[in-house]
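# Survey of secondary and tertiary structure
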Amino acid sequence: MTKRPDWDEYFLKLAMLASERATCPRMHCGCVLAKNKNVIASGYNGSIPGDDHCEDVGCLILDNHCVRTVHAEMNALIQAARRGHAVEGASAYVTNMPCTTCAKALITAGIKRVVVFSDFHDTLAVEFFNKAKVTIDKRLMPSTEINYDLKKYSSARV
């Protein structure tokens with residue numbers, strides 16, 4: 001029998017799944033905002049609506065950053081705002097340590113905890129999170145496997 005994931009692992013795996021929608025080949029990142037064991041919103045790094053995707057036409061690089069994409073954390077915050085969901089006091093589950101700009105946005109939005117399993121280059125996120133008293137929980141990367149065996153469930157039809 002497979003081990004039931006704890007909440008942090010569950011939300012990190014959802015962030016990993018969201019990252020599969022990313023369209024920038026320089027980084028696939030996913031973010032899930034959650035509070036009280038419920039998902040508020042999710043996001044991945046991709047182009048703005050109506051624009052071309054990096055994977056189709058190439059990245060648009062300025063100062064060593066692709067500016068064609070909106071980062072996963074920003075997309076998650078925007079999705080929550082568009083739907084009227086408050087994120088004050090929520091946790092952000094992100095596949096990679098946020099960039100400096102995303103860290104500032106998460107802090108300003110009221111995120112109180114960031115859970116990650118990998119780092120990001122050239123970021124002041126940790127410094128800003130520490131100043132804002134945002135908890136950073138660095139975890140091991142969860143398994144990339146989804147454990148679902150339809151054949152073993154007696155109520156399912158194959």
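First, a word on scope: everything that follows refers to the structure included in this document.

### As for the sheet that holds strand E2 (residues 38-44)
- Taken together, the 5 strands give an open sheet; going across it, the order is E2-E1-E7-E8-E9, and neighbouring strands pair in mixed fashion. Two strands lie at the open edges of the sheet, namely E2 and strand E9 (135-138), each paired on one side alone. Ignoring which end each strand starts from, the neighbouring axes of this sheet average 20° apart.
- When strand E1 (residues 30-35) meets strand E7 (residues 91-94), the two strands line up antiparallel, connected through 4 bridges. Note on E7: the bridge partner recorded for Val-32 is Tyr-93.
- Those strands touched by helix H3 (residues 72-82) are E1, E2 and E7, and its axis lies near 130° from that of E2.

### Quick notes on the packing of H3 against helix H4 (residues 100-109)
- Between H3 and H4, the shortest axis-to-axis distance is 9 Å and the interhelical angle comes to 30°. Judged on the interaxial angle alone, H4 and H3 are roughly parallel. Handedness of the crossing formed by H3 with H4: left-handed. Within the contact between the two elements, H3 uses Glu-73, Met-74 and Leu-77 and H4 uses Thr-101, Cys-102, Ala-105, Leu-106 and Ala-109.
- Counted by class, the contact of H3 with H4 contains 6 nonpolar, 1 polar and 1 charged residues.

Scoring rules and cut-offs
Residues numbered from 1 in each chain as written. Predicted model: local features only at pLDDT ≥ 70, side-chain atom pairs only at ≥ 80, totals over all residues. Heavy atoms only, no water. Pairing = 2+ DSSP bridges. Helix = DSSP H or I, 4+ residues; strand = E, 2+ residues; numbered from the N terminus. Axes fitted to C-alpha atoms, helices over the stretch in contact; angles between N-to-C directions. Contact = heavy atoms within 4.5 Å. Parallel < 35°, antiparallel > 145°, perpendicular 65-115°, else oblique. Left-handed = near helix turned anticlockwise from the far one by under 90°. Nonpolar A, V, L, I, M, F, W, Y, C, P; charged D, E, K, R; others polar.

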